[in-house]
Amino acid sequence: MFTLAELLSIYGKPATKDAAAEGVSFGGVAVDSRSCRPGDLFVALPGERRDGHDFIAAALASGCRGAMARSGKLVAAQCDVLCARTYEWSGVGWRVEGPADAPTILVLVPDTLAALQRLAAWWRSRFSPQVIGVTGSVGKSSTKELLAAILAMHMPILKSERSYNNEIGLPLTLLALREEHRAVIVEMGTYGPGEIALLAEIARPQIGVVTNVSHSHLERMGSLETIARCKAELPAALPRDGLAVLNGDEPLVRAMATVTPASVCLYGLGPECHLRGSQVQSHGLAGFSFRVQEGSEAHSLHCALPGRHNVYNALAAIAVARHLGLSWEEIAAGLENPQAHLRLVPLPAVGGATLLDDTYNASPYSCRAALDLLAELSGRKVAVLGDMYELGTFEEEGHRRVGRWAAAVVEELHTLGPRARWIAEEAVASGMPAERVHPATTHEEVIQALRGRLRPGDVVLVKGSRAMEMERIVEALRREER
């Protein structure tokens, strides 16, 4: 993949040619000692709970050719430095110690995360794919997956996996880039100013998508205006010949057209949008149909992603695909692609019910979207809603809004956690019979309350913030398929 000499060059080349560095290469990069492959470079990253430096020995035992660690860290206890060739960055050059034929390489740098990011930026610079960045408070993953489903039918692509949308995940995604990839789709998340700007500096996207601005992470960032400024760092970083794809129905996103040097495509349902959706019709778990207009052209399409709210994600994906030259026929086939990964997954449940597993995360906005989908389905509607985190001053009101929305949709409501009690309280205050509302403090309470009550035709939505581990409820209620 890359040689040691190339790795060292991201800081500066040794003063004299190092034959040992020229002869050593790494097949990949790992930051988790459990996923190391023979020949990898292990990058030891400090974390909130664990420090990667404590796992250097395990990574080397897994076959890693070498490790990158922070200068000053005590690694001798894990790796006999006498059997390693060590390269330490001094600030002006590399200090080299150890035998040239040593089986292990140690690269010591002031900041391993910054070094990982430098390496990813250098690796990205070796290729010339179309890089598409996607950000927004809600809908990043659905938009990324829809776009990937469309593009993958016509070109080799690379996309960020799982929650690889931060200062660690994005570099790891880019380090998987290969010559054959014609497009790269990366999510860009943020907890504060400057973070998306850094990600954009590493990835150098030509196309940027902003889905929306909502109260997610309000606790960390203080106001919607601050969140909007952080998201605006993506369109601001685009080149003049690039494209900013902005949700034209959201004022805070539409205003980002003033900060980008790139061309702008507004998408949405409003009359001012360049790509405008209309006639949205839900087909339950079978997706939705809609009509989209681009200039004087109009096309009727179907999207396999359930929930009419996903029309915005579909429109954003269409805008990028059209910019890349795909035909309407190609786009239509991509939207129907069953390979598109869904976060909201229908699963068979005990008692013959159906579970809607939407446990990845939650905010008031995404809860409303999930409840709207639940309303579109037939059968007795049950919701299991957990605490939503990081809402700051919007915390109580956000939960109470979800309670009001739930009261209008569900026939039975279960809540989990102290914050979710506001959901339960507001649902009752909004007219839902108290005997149908069941606040709980433990997962087991919810599981036991539902296990004997579910019956054929029931549809059960399970949703909450990631830290609530709502997937435990899904696993306990899921019916094993034989």
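In what follows, the structure referred to is the one given above.
What you are looking at is a predicted structure, and each value in this text was computed from that prediction instead of being measured.

Caption draft 1: Representation of the overall build of the protein in the model. When helices and strands are counted, the protein shows 18 helices and 23 strands. What you see for the protein is a C-alpha radius of gyration of 25 Å, in line with the 23 Å of a compact globule of 482 residues. By principal-axis analysis of the C-alpha atoms, the protein measures approximately 75 × 55 × 45 Å. Burial status across the protein gives 53% buried among its 482 residues. Long-range pairs, those at least 24 residues apart, make up 64% of the contacts in the protein between residues at least 6 apart in sequence. Only carbon and sulfur atoms are counted for the fraction: they give 48% of the accessible area of the protein, which is about 20600 Å².

Caption draft 2: Main features of the sheet that holds strand β6 (residues 84-89). The strand order across the open sheet formed by 6 strands is β3-β4-β5-β8-β6-β7, and the pairing between neighbours is mixed. Taken across any chain shown, the strands that pair with only one partner, and hence form the sheet edges, are β3 (29-30) and β7 (94-97). The pairing of β6 with β7 spans 4 bridges and is classified as antiparallel. The residue of β7 that forms the bridge with Thr86 is Glu97. Packed onto the sheet, helix α4 (residues 112-125) meets β3, β4 (41-43), β5 (66-70) and β8 (104-109) and runs at close to 125° relative to β5.

Caption draft 3: Spotlight on the packing of helix α5 (residues 140-151) against helix α13 (residues 328-335). Relative orientation of the contacting elements α5 and α13 amounts to 125°, with a least axis distance of 7 Å. It follows from the interaxial angle that α5 and α13 lie oblique. Relative to α13, α5 is oriented so that their crossing is right-handed. Contact residues: α5 offers Leu146, Ala149 and Ile150, while α13 offers Glu330, Ile331, Gly334 and Leu335. In terms of residue class, the contact of α5 with α13 is built from 5 nonpolar, 1 polar and 1 charged.

Caption draft 4: Representation of the sheet that holds strand β17 (residues 297-303). Judged by pairing direction, the sheet is mixed, and its 9 strands sit side by side in the order β10-β11-β9-β12-β13-β14-β15-β16-β17 without closing on themselves. Edge positions in the sheet fall to β10 (157-159) and β17, since each has one partner strand and no second. Averaged over all pairs of adjacent strands, the angle between strand axes in this sheet comes to 20°, irrespective of strand direction. As paired strands, β10 and strand β11 (residues 183-187) are joined by 3 bridges and run parallel to one another. Across the sheet, residue Lys159 finds its bridge partner in β11, namely Ile185. Contacts from helix α12 (residues 311-323) reach β9 (130-135), β12 (207-210), β13 (243-247), β14 (263-268), β15 (275-282), β16 (288-294) and β17 within the one sheet, and its direction differs from that of β16 by about 45°.

Caption draft 5: Representation of the environment of Asn313 within the structure. Here Asn313 shows up in helix α12. Classification of Asn313 by relative accessible area gives buried; the value is 8%. A C-alpha to C-alpha distance of 9.4 Å links Asn313 and Asn247, two positions 66 residues apart in sequence. What Asn313 contacts, discounting residues up to four positions off in sequence, is Gly139, Ser142, Thr143 and Leu146.

Caption draft 6: Highlighting unusual backbone geometry. Within the chain, Gln279 stands out as a residue other than glycine whose phi angle is a positive 50°. Positive phi values are uncommon outside glycine, yet Glu390 reaches one of about 60°. Secondary-structure assignment places Glu390 in the loop between β20 (381-386) and α15 (395-407). Judged by relative accessible area, Glu390 falls into the buried class, the value being 17%.

Caption draft 7: Spatial organisation of the nonpolar core. Core analysis: the largest hydrophobic core is formed by 55 residues, its most contacted members being Leu4, Leu7 and Val107. Looking at this core, the element that brings in the most residues is α4, giving 5 residues. Beyond its immediate chain neighbours, meaning those up to four positions away, Val107 contacts Leu4, Leu7, Leu8, Ala67, Met68, Ala69, Tyr87 and Trp94. Within the second largest apolar cluster, 36 residues are counted, among which are Val209, Phe288, Ile318 and Val320.

Caption draft 8: Quick look at the pairing of β20. With respect to burial, β20 is a largely interior element, 6 of its 6 residues being buried. Burial of β20 is two-sided: the residues Lys381, Ala383 and Leu385 facing one way and the residues Val382, Val384 and Gly386 facing the other way are all buried. Relative to strand β23 (residues 459-463), β20 runs parallel, the two being bridged by 5 bridges. Looking at the pairing, Leu385 lines up with Lys463 of β23. Summarising the sheet, β20 and strand β21 (residues 412-416) pair through 5 bridges and their orientation is parallel.

Criteria and cut-off values
Residues numbered from 1 in each chain as written. Predicted model: local features only at pLDDT ≥ 70, side-chain atom pairs only at ≥ 80, totals over all residues. Heavy atoms only, no water. Helix = DSSP H or I, 4+ residues; strand = E, 2+ residues; numbered from the N terminus. Rg over C-alpha atoms; globule rule 2.2 N^0.38 Å. Buried < 20%, exposed > 50% of the residue type's maximum accessible area, 1.4 Å probe, protein only. Contact = heavy atoms within 4.5 Å. Areas by Shrake-Rupley, 256 points an atom, 1.4 Å probe, with all protein chains shown as cover. Pairing = 2+ DSSP bridges. Axes fitted to C-alpha atoms, helices over the stretch in contact; angles between N-to-C directions. Parallel < 35°, antiparallel > 145°, perpendicular 65-115°, else oblique. Left-handed = near helix turned anticlockwise from the far one by under 90°. Nonpolar A, V, L, I, M, F, W, Y, C, P; charged D, E, K, R; others polar. Core = buried A, V, L, I, M, F, W, Y, C linked by side-chain atoms within 4.5 Å.

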